[in-house]
Amino acid sequence: MSKILIGRYVAGDSIVYRMDPRGKLLATILFILFVFLANNPISYLIVTIFSLAAVAATKLKPKIFWDGVKPLIWLILFTSFLQLFFTVGGTVYWRWTIFALSSYGFTNAIFIFIRFTVIILISTVMTVTTKPLEIADAIEWLLKPLKLIRIPVDKIALVMSIALRFVPTLFDETFKIMNAQRSRGADFNNGGLVTRAKAITPLLVPLFINSLETAIDLSTAMESRGYRGDKGRTKFRVLKWSNVDFINLFYFVLLLGLLLVFRTH
Amino acid sequence: MATDNIIKIKNVSFSYPESDAPAIDNISFNVKRGSWTSIIGHNGSGKSTIIRLINGLLVPDENGSPSIEVDGIKLTDDTVWEVRNRVGIVFQNPDNQFVGATVADDVAFGLENRGIPHSEMVKIVPEAIKAVGMSEYTNAEPANLSGGQKQRVAIAGILAIKPKIIVLDEATSMLDPEGRNQILSIVKDMKEKYDLTVISITHDIDEANMADQVLVMNDGKLITQGSTKTVFSQVSLLKNIGLDVPFFEQIKEKLQQDAIKLPDNLDSEKELINYLCQLNSKM
Ligand SMILES: Nc1ncnc2c1ncn2[C@@H]1O[C@H](COP(=O)(O)OP(=O)(O)O)[C@@H](O)[C@H]1O
Ligand SMILES: [Mg+2]
């Protein structure tokens, strides 16, 4: 439990793992934008095939991706049903007060379902094959232009990486405090919502105080180790583009081309 | 130059802003280059505060014209970064000083701060990690390391910036005996290898006994200083302020109270045992 990290990185070995996180992040964002170009069966078929190909390229078990979709399945279905019952157009099969079943409703529901699912799949491809820290590096790179308008991107990046580094530490602390409270008779698992919320309070206060202490210690240590802001700071961790990334991005350009050709104008 | 003083502290006092009693009360002492100094004293006696004054994290009170000199550099606003390049501190809590996401990242942190080019960092970092025997954990995350391993990484991070002085601020107090011994033996080796000066703040009497010089703090004052022998033989003084004394010093004190004459040069448990055995055979 203490090894939990933000995100759901799954160790593995395939070409997707060897891609630069910047390339993967860029590709994911592009894909999400491109999906909105799809507007007819053939273009939706193209994005579906494309996302399934990306899933296959990870060489991971389908279950991992199903786990990505599962938490959102009700939201997806609900949204699809709204489309199904509230879209009117084409042949109307059934109508009752404000509800209607129509041929447009059917296609829209299916389109929405596909749109949601492929976006989740592609994001899952990124998050399961890229360590949180690499994602943070990629976000830093993506935010770099903001330096021009004096946004302290380097500091934000350092904060992100420290936050990620302390997630397991905080979990450890939480479990330690929980066990300490349990040994004094606290019960975190039973009772109604209010009882449980009350049981959590004595957990949050020591956790908060501990975190403050950690923060103070950490800032002392950082300063002692010569941290003085971004000026003149170099970076140990550097990202490197490789051919795999260019080929990957080329596929996404290809996707854009296909969608532009096959969508209904 | 072997015997000059690498740290010179004169008339230094310090009060934390929101408190009335000074945390450090007019302290002066020197530390010889290449020596090992222990600072002992109960919690809150001002040991950590002294260290923070030495590396410029805190600034001494104005009164009494205080001066702090490290490796020939007088500590001022302008020299504080130069001084920090010379002093590496290992703190008490292994987790709260681990900044990097992995071992290598953490060791590189001090180098990044100093703007060392990437091409040099990739050479220095593995060397420093190797020096503390953590090579096989280069890419490990802190969550998967023991406290002792994290402290070894902290030492590697310090070695990477090639300091003159290494300070252990109760660095072994949260470790198990094995982790503690590992850290101490690494520090001893590094001291020899790189001619380091060591300052170790500790509650552990054996660790304090490794020193050439011991400083005893009580309520912000430096109440006594000297060689381990002179300091630890002041058994009643140390006991009065609630500090531990090495076991054999306690025995010596008790024997002397019982009017048994002991020679002055008994510096270890072994010598005491030998002497007592001889005494026995003489009787
Ligand atoms: N940040 C702070 N603000 C106010 N008082 C402090 C602070 N840090 C330490 N003190 C006080 O200064 C005194 C010396 O503390 P410290 O140097 O940490 O002692 P030691 O390291 O010997 O345990 C203590 O009385 C402590 O309560
Ligand atoms: Mg302290």
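Bear in mind that the values here come from a model prediction, so they are computed numbers and not experimental data. (Residues numbered from 1 in each chain as written. Chains lettered and ligands numbered in written order. Predicted model: local features only at pLDDT ≥ 70, side-chain atom pairs only at ≥ 80, totals over all residues. Heavy atoms only, no water.)

**Student:** Would you mind going over the overall build of chain A with me for this structure?
**Tutor:** Within chain A, the secondary structure is distributed over 9 helices and 2 strands. The C-alpha radius of gyration computed for chain A amounts to 24 Å, which surpasses the reference 18 Å derived for 265 residues by more than 25%, pointing to a less compact arrangement than a globule. Based on the C-alpha atoms only, the size of chain A along its principal axes is roughly 70 × 55 × 40 Å. The proportion of buried residues among the 265 residues of chain A is 38%. The contacts in chain A between residues at least 6 apart in sequence include a share of 72% that link residues at least 24 apart. Accessible surface for chain A amounts to roughly 15,500 Å². Of this, 71% is attributable to carbon and sulfur atoms. Separation of charge centres in chain A, based on 30 positive and 15 negative side chains, amounts to 6 Å. (Helix = DSSP H or I, 4+ residues; strand = E, 2+ residues; numbered from the N terminus. Rg over C-alpha atoms; globule rule 2.2 N^0.38 Å. Buried < 20%, exposed > 50% of the residue type's maximum accessible area, 1.4 Å probe, protein only. Contact = heavy atoms within 4.5 Å. Areas by Shrake-Rupley, 256 points an atom, 1.4 Å probe, with all protein chains shown as cover. Lys, Arg positive; Asp, Glu negative; His and termini not counted. Charge placed at Lys NZ, Arg CZ, Asp CG, Glu CD.)

**Student:** How do you make sense of the packing of aromatic side chains when you look at a structure like this?
**Tutor:** How two aromatic rings sit relative to each other is set out by the distance from centre to centre and by the angle between their planes. Residue and element names in this part refer to chain A. Enumeration over the complete set of coordinates arrives at 17 aromatic pairs over all chains. Centroid distance Phe 85 to Trp 94: 6.5 Å. Interplanar angle 75°. Geometry classified as edge-to-face. Owing to a relative accessible area of 40%, Trp 94 belongs among the partly exposed residues under this scheme. Members of the aromatic cluster, joined through ring pairs, are Phe 81, Phe 85, Phe 86, Trp 94, Trp 96 and Phe 99. Sitting over the face of the ring of Phe 166, Arg 165 holds its NZ or CZ atom 3.8 Å from the ring centroid. (Phe/Tyr/Trp six-rings, centres within 6.5 Å; stacked < 30°, edge-to-face > 60°. Lys NZ or Arg CZ within 6 Å of the ring centre and 35° of its normal.)

**Student:** Explain the interface of chain B and chain A here, please?
**Tutor:** How big an interface is tends to be expressed through the accessible area that disappears when the partners come together. Across the contact, 39 residues belong to chain B and 28 residues belong to chain A. Surface buried jointly by chain B and chain A totals about 2,900 Å² across both partners, of which 56% is contributed by carbon and sulfur atoms. Looking only at chain B, the three residues that lose the most surface to chain A are B:Trp81, B:Asn96 and B:Asn113, adding up to 22% of its buried area. Taken together, the links from chain B to chain A amount to 5 salt bridges. Along the contact surface separating chain B from chain A lie 16 residue pairs in polar contact (both at pLDDT 80 or more). Those elements giving two or more residues to the side of chain B that touches chain A turn out to be helix H2 (80-86), strand E6 (87-90), helix H3 (103-113) and helix H4 (118-131) of chain B. Among the elements that take part in the side of chain B that touches chain A, H3(B) stands out by supplying 10 residues, more than any other. In terms of residue class, the side of chain B that touches chain A is made up of 20 nonpolar, 11 polar and 8 charged. (Buried area = accessible area lost by both parts, 1.4 Å probe. Salt bridge = Lys/Arg side-chain N within 4 Å of Asp/Glu carboxyl O. Polar contact = N/O pair within 3.5 Å; in protein donor to acceptor, adjacent residues only side chain to side chain. Nonpolar A, V, L, I, M, F, W, Y, C, P; charged D, E, K, R; others polar.)

**Student:** Could you clarify how one ought to interpret the pattern of salt bridges in this entry?
**Tutor:** Side chains that differ in charge, positive against negative, can pair when their charged atoms come close. Applying the stated criterion to the full structure yields 22 salt bridges over all chains. With a shortest N-O distance of 3.6 Å, A:Asp67 and A:Lys70 are connected by a salt bridge. Given the relative accessible area of 26%, A:Asp67 is considered partly exposed. Residue A:Lys70 is classed as partly exposed on the basis of its relative accessible area, which comes to 41%. Ionic pairing is found between B:Asp71 and B:Arg86, a salt bridge with its closest N-O pair at 2.9 Å. Taken together, the positions of B:Asp71 in the loop between strand E4 (67-70) and strand E5 (73-74) and B:Arg86 in helix H2 put the pair 15 residues apart, joining distant regions of the chain. In this structure, a network of salt bridges that share partners links the residues B:Asp4, B:Arg33, B:Asp71, B:Arg86 and B:Lys164.

**Student:** What should I look at first to understand the sheet that holds strand E3 (residues 36-40) of chain B in this one?
**Tutor:** Two strands in a sheet stick together by hydrogen bonds in their backbones, pointing the same way (parallel) or opposite ways (antiparallel). Residue and element names in this part refer to chain B. An order of E6-E7-E8-E3-E9-E10 is seen for the 6 strands of this open sheet, with the pairing classed as mixed. Pairing within the sheet leaves two strands with one partner each, and these edge strands are E6 and strand E10 (221-226). Between one strand axis and the next, the sheet turns through 15° on average, direction left out of account. Two elements, E3 and strand E8 (residues 197-201), share 4 bridges in a ladder whose sense is parallel. Bridged to Thr 37 within E8 is Ile 199. (Pairing = 2+ DSSP bridges. Axes fitted to C-alpha atoms, helices over the stretch in contact; angles between N-to-C directions.)

**Student:** When you look at the side chain of B:Ser13 in this model, what are you seeing that I'm missing?
**Tutor:** All names here are of chain B. Assignment of secondary structure puts Ser 13 in strand E1 (residues 5-14). Overall, Ser 13 belongs to the buried group, its relative accessible area being 8%. A polar contact of 2.8 Å, which involves the side chain of Ser 13, links it to the backbone nitrogen of Asn 26. Setting aside anything within four residues of it in sequence, one finds Ser 13 in contact with Ile 24, Asp 25, Asn 26, Pro 60 and Asp 61.

**Student:** What exactly am I supposed to notice about the pairing of strand E2 (residues 99-102) of chain A here?
**Tutor:** Look at any regular strand and the pattern is simple: side chains alternate between the two faces of the sheet. For strand E1 (residues 92-96) of chain A and E2(A), the ladder comprises 4 bridges, and the chain directions are antiparallel. When the bridges of E2(A) are listed, A:Val92 appears paired with A:Ser102.

**Student:** Hey, could you run me through the packing of helix H7 (residues 153-182) of chain A against helix H8 (residues 193-224) of chain A in this one?
**Tutor:** Axis angle and axis distance: for two packed helices, these are the angle between their axes and the distance between the axes, and together they describe the pair. Residues and elements named next belong to chain A. For the pair H7 and H8, the least separation of the axes is 10 Å and the interaxial angle reads 140°. Judged on the interaxial angle alone, H8 and H7 are oblique. Helix-helix and strand crossings are classified by hand; for H7 and H8 the assignment is right-handed. Taken together, the residues of H8 that come into contact with H7 (itself represented by Leu 158, Ile 162, Phe 166, Leu 170, Glu 173, Thr 174, Ile 177, Met 178 and Gln 181) are Pro 202, Leu 203, Pro 206, Leu 207, Asn 210, Ser 211, Thr 214, Leu 218 and Met 222. For the contact of H7 with H8, the per-class residue count stands at 12 nonpolar, 5 polar and 1 charged. (Parallel < 35°, antiparallel > 145°, perpendicular 65-115°, else oblique. Left-handed = near helix turned anticlockwise from the far one by under 90°.)

**Student:** Would you take a moment to explain the domain arrangement of chain A for this structure?
**Tutor:** What the domain assignment reports for chain A is domain 1 (21-130 + 241-262) and domain 2 (153-224). Domain 1 of chain A and domain 2 of chain A are separated by 37 Å when their C-alpha centres are compared. (Domains from an automatic or database assignment.)

**Student:** I keep staring at the sheet that holds E4(B) and nothing clicks. Help me out?
**Tutor:** With antiparallel pairing, the 4 strands of this open sheet are ordered in space as E2-E1-E4-E5 (chain B). Each edge of the open sheet is held by one strand with a lone partner, namely strand E2 (24-32) and E5 of chain B.

**Student:** Teacher, can you tell me more about the site of ligand 1 here?
**Tutor:** Residues and elements named next belong to chain B. With respect to spatial proximity, the complete set of residues near ligand 1 consists of Tyr 16, Glu 18, Ala 23, His 42, Asn 43, Gly 44, Ser 45, Gly 46, Lys 47, Ser 48 and Thr 49. Separating an oxygen atom of ligand 1 from a side-chain N or O atom of Thr 49 is a distance of 2.4 Å. Summarising the interface, the protein chains cover 60% of the accessible area of ligand 1, which totals 560 Å² for the free molecule. Among the residues making up the shell around ligand 1, the classes are represented as 2 nonpolar, 7 polar and 2 charged. (Near = heavy atom within 4 Å.)

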